[in-house]
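# Summary of the model geometry
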Amino acid sequence: MKPFLSIEKLVQKFPNGNGGEMTVFENASFGVEKGEFVVILGHSGCGKSTIMNILAGLADPTSGCVIMDGQEVKGPSLDRGVVFQNYSLLPWLTTLKNVTFGIKARHPEWTKSQVEEHATNFLAMVGLEGDVIHRKPSQLSGGMRQRVSIARAFANHPKLLLLDEPFGALDALTRGTIQDELLKIWGQMEQTVFMITHDIDEAILLADRILLMTNGPYARVAESVEITIPRPRNRTEIVEHPNYYAIRNHLVQFLGKRSKELAGQPTEASKTNKPKTVRIDLTDPTEDPENKRSTLKAVNS
Amino acid sequence: MGTLSLNQRAALLSVLMLVVGLLIWEAAIPAQKAVKELTEYEILTGAGSPKAGVPPPSQVIIKAWDQLSDPFYDAGPNDKGIGIQIGYSIYRVLTGYLLAALIAIPFGFLIGMSQVAYKAFNPFIQVLRPISPLAWMPLALFIIGDSEASAIFVIFICSIWPMLINTAFGVAGVREDWVNVARTHELGPIKTAFTVILPAAAPTILTGMRISIGIAWLVIVAAEMLVGGTGIGYYVWNEWNNLDLTSVVFSILMIGVVGMLLDAMFGLLQRRVTYAE
Ligand SMILES: Nc1ncnc2c1ncn2[C@@H]1O[C@H](COP(=O)(O)OP(=O)(O)OP(=O)(O)O)[C@@H](O)[C@H]1O
Ligand SMILES: [Mg+2]
């Protein structure tokens, strides 16, 4: 049985500028289940945005394919909503119009008042109400713009929501607020989310599973780390969970050391090249303390 | 005085400069008044034949009052009110200009969308653009035959380039992110063109339209001097032939005022489509 979203042997090569070729990643394969929140972590330049653009259908891979819901991804679609890193709001439209823009595309048959009501609801969900929604993006703060962008994507109920470093440009406080809002909406909607980030704590707070990428070129999706912290999560409480630091240490280790060690190896070892599943759970009563070390290492699926 | 705003002070200064300028002008031309004091007899015999001289502002103001109180009178081919003459000029400018816009904007749109087209057309545009529009006049007169249509053609040819170039430039420069927003919302090419590319490029397109209308208004005066018959350019030339410099100065001022109004109109439109990023 194939997962909801299946990425199969994706290869991306770019011309390297000297007439040659540069392989960003090779044979990247992984799956995402319906309703899952998957975060991808990796160093700058390893190819995360490239993967996301391919998932969105905005770019074509050199080879390999993406299958969603049994259909191959060919070109962009309303079924895959994208929140771009730089918000990509249309600056000549008001906040409300930016959201209705998306809804009108999704539901051309709706009346104007239906569209506006729907948009207003979703803007309220991200905490934008009243006068603000009639302002242009240039008159909003960075955090508010990002919320509009999130509202626009969520309002369309895409089957898959793609977020490319959505909070990259925000200060820590605003980041926290919007992360909470994102979790809240996601909790209500059973939305499948695929998100890129640089922030380890953000990844642990949000994700069901974190994919770890090695450095490029020839980057690989090396591991899939399950976040064994129950939901609903809360930024102040999760740090007290016994698994939190174990998982965090694993991620820091990977990004700090192993992402380099594993980098640059053209793959032949495992043909399918599925990431290793890593499950770290110190609270699991079925595991005795002796097993913990091995659990910490890796469980191959 | 300290309570006046910046704009108020600037306006005050403008009025002051105007008054001082007019006074200096008036004072610099003392002899003209004498002409009016000649007797009927002297004028008829040509004794005091008014030597064409630059009129003082007072005379221009009287002339302006005179003309503007009845701008639309029509007393034969050589004697029409200033309103009628300006009307003819505006009609020609707008006709040529709108024809140019009708072609330049859609065409510029297509060129801007395709890098190949942009590069392929660029050399032609670069060669055709610097040609003085009046240089087309003989060719236009020969091919079109009609002087009226030739004047409109000259306006057409001079206003097409800034609109074409600015439209292509504006469309080519639309941020890829915005186009991607359209793509992820599955908008078709027509819908994308109207809901994303057009509003995104509108400020640049309007800049081109504003430059074009300015050039068209500059060129119409020269074109009408050549083709004759009607229009503000013809009027200036005709009054010069009549040695009526007061009318010449008055019509120069009118050309300036109309040009300013046309520009202000497009400035207003431009402000409406401009957005802050
Ligand atoms: N259009 C392109 N042409 C050539 N090379 C490209 C192109 N797009 C991306 N690359 C290269 O592919 C690699 C991966 O780029 P990508 O933008 O996917 O990185 P990333 O993981 O998203 O990095 P960051 O975290 O900094 O956003 C980089 O080395 C980049 O130089
Ligand atoms: Mg990126």
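Here's what I pulled together on the structure shown here. (Residues numbered from 1 in each chain as written. Chains lettered and ligands numbered in written order. Predicted model: local features only at pLDDT ≥ 70, side-chain atom pairs only at ≥ 80, totals over all residues. Heavy atoms only, no water.)

### A closer look at the overall build of chain B
Defined as follows: Strands are runs of DSSP state E lasting at least two residues, helices are runs of H or I lasting at least four, and both sets are numbered from the N terminus onward. What the globule rule says is 2.2 Å times the number of residues to the power 0.38, and the radius of gyration is computed from C-alpha atoms. Throughout, exposure labels follow a simple rule: accessible area from a 1.4 Å probe, protein chains only, divided by the maximum for the residue type, with under 20% read as buried, over 50% as exposed, and the rest as partly exposed. Only the protein chains shown count as cover for residues, and all accessible areas are computed by the Shrake-Rupley method using a 1.4 Å probe. In this count, Lys and Arg are taken as positive residues and Asp and Glu as negative ones, while His and the chain termini are left out. Here the site of a charge means NZ on Lys, CZ on Arg, CG on Asp, or CD on Glu.
Within chain B one finds 12 helices and 0 strands. Against the 2.2 N^0.38 benchmark of 19 Å for 277 residues, chain B shows a C-alpha radius of gyration of 24 Å, more extended than a compact globule. With the C-alpha coordinates of chain B rotated into their principal frame, the extents come out at 85 × 65 × 30 Å. Here chain B, with 277 residues, has 41% of them falling under the buried criterion. Looking at chain B as shown, the accessible area adds up to about 15700 Å², and 71% of this sits on carbon and sulfur atoms. One way to put it: in chain B the 15 positive side-chain charges average out to a point 12 Å from where the 18 negative ones average out.

### So, the overall build of chain A
For the record, the criterion: Working rule for contacts: check all heavy atoms of both residues, and any pair within 4.5 Å makes them a contact.
In terms of helices and strands, chain A carries 9 helices and 11 strands. Computed over C-alpha atoms, the radius of gyration of chain A comes to 20 Å, within 12% of the 19 Å expected from 2.2 N^0.38 for 301 residues, which places it in the range of a compact globule. The dimensions of chain A, computed from C-alpha atoms along their principal axes, are 60 × 50 × 35 Å. By the burial criterion, 53% of the 301 residues in chain A qualify as buried. A sequence separation of at least 24 residues applies to 71% of the contacts in chain A between residues at least 6 apart. Per element, the accessible surface of chain A, about 13500 Å² overall, is 50% carbon and sulfur. Here chain A contributes 35 positive and 35 negative side-chain charges, whose respective centroids are spaced 4 Å apart.

### A few points about the site of ligand 1
Residue and element names in this part refer to chain A. What counts, and what does not: If even one non-hydrogen atom of a residue comes within 4 Å of a molecule or strand, that residue is called near it. Nitrogen and oxygen atoms within 3.5 Å of one another constitute a polar contact, given that in protein one can donate a hydrogen and the other can accept it, and given that sequence-neighbouring residues count only through two side-chain atoms. Classes in brief: Ala, Val, Leu, Ile, Met, Phe, Trp, Tyr, Cys and Pro nonpolar; Asp, Glu, Lys and Arg charged; the others, Gly included, polar.
Close to ligand 1 lie F14, M22, V24, S44, G45, C46, G47, K48, S49, T50, E165 and H198. Separating an oxygen atom of ligand 1 from a side-chain N or O atom of K48 is a distance of 2.7 Å. Compared with its free state, where it exposes 630 Å², ligand 1 has 60% of that area covered by protein. Of all elements in the fold, only β2 (21–32) and α1 (48–56) reach the threshold of two or more residues within the shell around ligand 1. Among the elements that take part in the shell around ligand 1, α1 stands out by supplying 3 residues, more than any other. Per-class residue counts for the shell around ligand 1 are 4 nonpolar, 6 polar and 2 charged.

### Side note on the interface of chain B and chain A
How we decide: A simple way to read buried area is as the amount of 1.4 Å-probe accessible surface that goes missing from two parts once joined, with both sides added. The salt bridge definition used is simple: a Lys or Arg side-chain nitrogen within 4 Å of an Asp or Glu carboxyl oxygen.
Facing 17 residues of chain B, the contacting portion of chain A comprises 19 residues. Of the roughly 1700 Å² buried between chain B and chain A, counting both surfaces, carbon and sulfur atoms make up 68%. When the area that chain B buries against chain A is broken down by residue, the three leading residues are R183(B), T184(B) and H185(B), summing to 34%. Linking chain B with chain A are 0 salt bridges, by the criterion used here. Put simply, chain B and chain A have 4 residue pairs in polar contact (both at pLDDT 80 or more) between them. Counting residues per element, the ones that place at least two in the side of chain B that touches chain A are α9 (176–184) and α10 (189–227) of chain B. With 6 residues, the single largest contributor to the side of chain B that touches chain A is α9(B).

### Some points on the packing of α9(B) against α10(B)
All names here are of chain B. Going by this rule: Axes, fitted as lines to C-alpha atoms, cover a helix only where it is in contact. Angles between the N-to-C directions of the axes lie from 0 to 180 degrees. By definition in this entry, angles of less than 35 degrees are roughly parallel, angles greater than 145 are roughly antiparallel, angles of 65 to 115 are roughly perpendicular, and the rest are oblique. A crossing counts as left-handed when the near helix is turned anticlockwise from the far one by less than a right angle, and as right-handed when that turn is clockwise.
At a closest axis distance of 10 Å, the pairing of α9 and α10 adopts a crossing angle of 165°. Compared by their axis directions, α9 and α10 come out roughly antiparallel. By crossing handedness, the relation of α9 to α10 is classed as right-handed. Residues W178, V179 and A182 of α9 form the contact with α10, whose participating residues are T192, V196 and A200. For the contact of α9 with α10, a count of residues per class yields 5 nonpolar, 1 polar and no charged.

### Quick notes on the side chain of K48(A)
All names here are of chain A. Position of K48 relative to the elements: it lies in helix α1. Among buried charged residues, K48 stands out as having no salt bridge; its nearest opposite-charge side chain is E165, 5.0 Å away. Residues contacting K48, with those up to four places away along its chain left out, are I40, L41, G42, H43, I196, H198 and M213.

### Thoughts on the nonpolar core
This is how it is decided: Throughout, nonpolar core names a set of buried Ala, Val, Leu, Ile, Met, Phe, Trp, Tyr and Cys residues whose side chains join them through atoms within 4.5 Å.
Residues L5(A), F25(A) and F194(A) are the most contacted members of the largest nonpolar core, which totals 96 residues. Ranked by size, the runner-up nonpolar core spans 57 residues in total, among them L96(A), I103(A), F122(A) and Y244(A).

### A closer look at the sheet that holds strand β1 (residues 5–15) of chain A
All names here are of chain A. The line we're drawing: In this analysis, strands are considered paired if DSSP registers two or more bridges between them.
The 4 strands lie next to each other as β2-β1-β4-β5, forming an open sheet whose pairing is antiparallel. The open sheet terminates on both sides in strands that have one partner only, identified here as β2 and β5 (71–72). In this structure, β1 lies alongside β2, joined through 8 bridges in antiparallel fashion. The residue of β2 that forms the bridge with Q12 is F25.

### Some remarks on the side chain of S6(A)
The topology assignment puts S6(A) in strand β1. At 2.7 Å, the side chain of S6(A) forms a polar contact with the side chain of E8(A).

### Points about unusual backbone geometry
Residues and elements named next belong to chain A. For the peptide bond that leads from R231 to P232, omega is -5°, which places it in the cis range. Structurally, P232 can be placed in the loop between β10 (221–226) and α7 (235–238). Residues other than glycine seldom take positive phi values, yet N27 does so here, at roughly 50°.

### Focus: the environment of K9(A)
Structurally, K9(A) is set in strand β1. Taking the C-alpha atoms as reference points, K9(A) and P61(A), 52 residues apart in sequence, are found 10.0 Å from one another.

### A look at helix α5 (residues 172–189) of chain A
Residues and elements named next belong to chain A. Selection rule: Expected helix span is given by 1.5 Å per residue-to-residue step, counting one fewer step than there are residues.
Over its 18 residues, α5 runs 26 Å from end to end, which matches the ideal 26 Å to within 8%, given 1.5 Å per residue. Turning to α5, its buried residues number three or more, namely T174, R175, G176, I178, Q179, E181, L182, L183, I185, W186 and M189. Among the residues trailing α5, E190 stands out with phi positive, at a value near 55°.

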